[in-house]
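# A look at the structure
Residues per chain, in single letters:
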Amino acid sequence: MSSLAAARADNFYYPPEWSPKKGSLNKFNGQHALRERARKIDQGILIIRFEMPYNIWCGGCQSMIAKGVRFNAEKKQVGNYYSTKIWSFTMKSACCKHEIVIQTDPKNCAYVIINGAQKKTEDYDAEDAETLVLPVDEDKTKLVDPFYRLEHQGEDLKKKKEAEPLLVRLQRVSDTRHSDDYAMNKALRAKLRSQKKRVAEEEAAAKKIGLGIRLLPPSAEDAATAASVKFSHKFDRNRRDKRAIIYSGSIFSGSSGSGSSKHSELESKRRKINASAASKLLVGGFKPSSWSEAAVSSKKQRRI
């Protein structure tokens, strides 16, 4: 970008026809200081970058929109909570262009979905997640009561006694593992060397059989799947040839004393040739065009 173009882009370029009497550059150019973001400023709408506060389900296509995804949203004021303004953000999802409306909730210090989406509820059990349950605001306010505080402290002491053996055991295991840094480093490097050796062996085995990717180690499931696959054997091939001979033969039975033995031998050979050609056609041996040529040549031989 040239210096003149850079100055124009930064709005620092003053054209020759400009004078201080004509006001600022934005007023002289007839544009807002926020440029394209303020194209609806007369309606009280400002274009901003809105970041999704939590995971939601799109109301148009039911796709999940993750927390932190950013949108070009239209921001406008829709009310007040005492002296705090309530802002509304209108945006379109990238998956199906469905309109989503989210508002601020100053009373609860949160965001509320008004239209076009649904909040993804993610509940979990504290025991399964192995986390601590923090007290809610209502319990904190109840702690002012001496009797409730005494009962609450008693429950906390009981939970502490129940969890103390496990915590002590975990602390001992952690201290034992991290007491000898040299042994930890040695075990980690040995594990890394064995992993590198295994990867090198798998790459060499794949290169030996002409593959460009590494093969996973064999498993019992793969062996069972391979054993369950059945391939066609000689019985299926013979049955297919016999059916092809039947399909290629004539449905009319010939007279017994009209032809000689040599003529019947030639006729059987022709039927075998036609049967082999039909079987090859059924298994994809050659194209139908070659099959039609073979059929035309066999008809000419019969006519001769």
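Residues numbered from 1 in each chain as written. Predicted model: local features only at pLDDT ≥ 70, side-chain atom pairs only at ≥ 80, totals over all residues. Heavy atoms only, no water.

### Let's talk about a nonpolar patch on the surface
A cluster of nonpolar side chains, Ile 209, Leu 211, Ile 213 and Leu 215, forms an exposed patch at the surface whose accessible area comes to about 390 Å². For Leu 211, the position within the fold is in the loop between α6 (181–208) and α7 (220–228). (Patch = residues over 30% accessible without salt bridge, like charges linked within 9 Å, V, L, I, M, F, W, Y side chains within 5 Å. Areas by Shrake-Rupley, 256 points an atom, 1.4 Å probe, with all protein chains shown as cover. Salt bridge = Lys/Arg side-chain N within 4 Å of Asp/Glu carboxyl O. Helix = DSSP H or I, 4+ residues; strand = E, 2+ residues; numbered from the N terminus.)

### Topic: unusual backbone geometry
A positive phi angle, near 60°, is found at Tyr 82, a position not held by glycine. As for its position among the elements, Tyr 82 is in the loop between β4 (70–81) and β5 (84–92). Judged by its relative accessible area of 74%, Tyr 82 is exposed. A positive phi is found at Lys 97, a non-glycine position, where the angle reads about 60°. Considering the arrangement of structural elements, one finds Lys 97 in the loop between β5 and β6 (99–105). (Buried < 20%, exposed > 50% of the residue type's maximum accessible area, 1.4 Å probe, protein only.)

### Observations regarding the packing of aromatic side chains
A full pass over the atoms with the stated rule returns three aromatic pairs. For the pair Phe 50 and Tyr 111, a centre-to-centre distance of 5.9 Å together with 75° between the ring planes defines the contact as edge-to-face. With a gap of 61 residues between them, Phe 50 in strand β1 (residues 46–51) and Tyr 111 in strand β7 (residues 110–115) connect regions that are remote in the sequence. The rings of Phe 50, Phe 89 and Tyr 111 are connected pair by pair, giving a single aromatic cluster. Above the ring of Trp 87, the side-chain terminus of Lys 75 is found at 4.3 Å from the ring centroid. Over the aromatic face of Tyr 54 sits the side chain of Lys 119, whose NZ or CZ is 4.5 Å from the ring centroid. (Phe/Tyr/Trp six-rings, centres within 6.5 Å; stacked < 30°, edge-to-face > 60°. Lys NZ or Arg CZ within 6 Å of the ring centre and 35° of its normal.)

### What to know about the pairing of β4
Two elements, β1 and β4, share six bridges in a ladder whose sense is antiparallel. Bridge pairing in β4 links Arg 49 to Asn 72. Pairing of β4 with β5 involves seven bridges; the strand directions are antiparallel. For Tyr 81, the partnering residue across the bridge sits in β5 and is Thr 84. What sits between the antiparallel neighbours β4 and β5 is a turn of two residues, in which Tyr 82 has the positive phi angle 60°. (Pairing = 2+ DSSP bridges.)

### Overview of the pairing of β5
Taken together, the five bridges between β5 and β6 define a ladder with antiparallel strand orientation. For Ser 88, the partnering residue across the bridge sits in β6 and is Gln 103. Taken together, β5 and the strand that follows it, β6, pair antiparallel across an intervening segment of six residues, in which Lys 97 is found at a positive phi of about 60°.

### A few points about the state of the cysteines
In the structure shown here, the tally under the stated rule is zero disulfides. Cys 96 supplies the cysteine sulfur nearest to Cys 58, a cysteine that is in no disulfide, at a spacing of 3.6 Å. Free of any disulfide, Cys 61 has its nearest neighbouring cysteine sulfur in Cys 95, separated by 3.2 Å. You can call Cys 61 partly exposed: its relative accessible area is 32%. (Disulfide = S-S within 2.5 Å.)

### Points about the sheet that holds strand β8 (residues 117–119)
Read across the open sheet, the three strands follow the order β3-β2-β8; overall the sheet is antiparallel. Unpaired on one side and paired on the other, β3 (64–65) and β8 mark the two borders of the sheet.

### Side note on the side chain of Thr 104
With respect to the element layout, Thr 104 can be found in strand β6. Overall, the relative accessible area of 17% leaves Thr 104 in the buried class. Among the polar contacts made by the side chain of Thr 104, one reaches the main-chain amide nitrogen of Trp 87 at a distance of 3.0 Å. Among residues more than four places away in sequence, those in contact with Thr 104 are Lys 85, Ile 86, Trp 87, Phe 89, Ala 110 and Tyr 111. (Polar contact = N/O pair within 3.5 Å; in protein donor to acceptor, adjacent residues only side chain to side chain. Contact = heavy atoms within 4.5 Å.)

### Quick notes on the side chain of Thr 90
Within the secondary structure layout, Thr 90 lies in strand β5. Residue Thr 90 is classed as buried on the basis of its relative accessible area of 15%. Those residues in contact with Thr 90, other than ones at most four positions away along the chain, are Asn 72, Ala 73, Glu 74, Glu 99, Ile 100 and Val 101.

### A closer look at the nonpolar core
Grouped together as the largest cluster of nonpolar side chains are 15 residues, with contacts concentrated most on Met 52, Ile 56, Ile 65, Met 91, Ile 100 and Ile 102. Among the elements of the structure, β1, β2 (56–58), β4, β5 and β6 are those that each provide at least two residues to this core. Other than its neighbours up to four places away in sequence, Met 91 contacts Phe 50, Met 52, Phe 71, Asn 72, Ala 73, His 98, Glu 99, Ile 100 and Ile 102. (Core = buried A, V, L, I, M, F, W, Y, C linked by side-chain atoms within 4.5 Å.)

### So, the sheet that holds β4
In spatial order, the strands read β1-β4-β5-β6-β7; together these five strands make up an open sheet with antiparallel pairing. Of all strands in the sheet, those with a lone pairing partner are β1 and β7, marking the two edges. Each adjacent strand pair in this sheet contributes to an overall mean axis angle of 40°, direction not counted. (Axes fitted to C-alpha atoms, helices over the stretch in contact; angles between N-to-C directions.)

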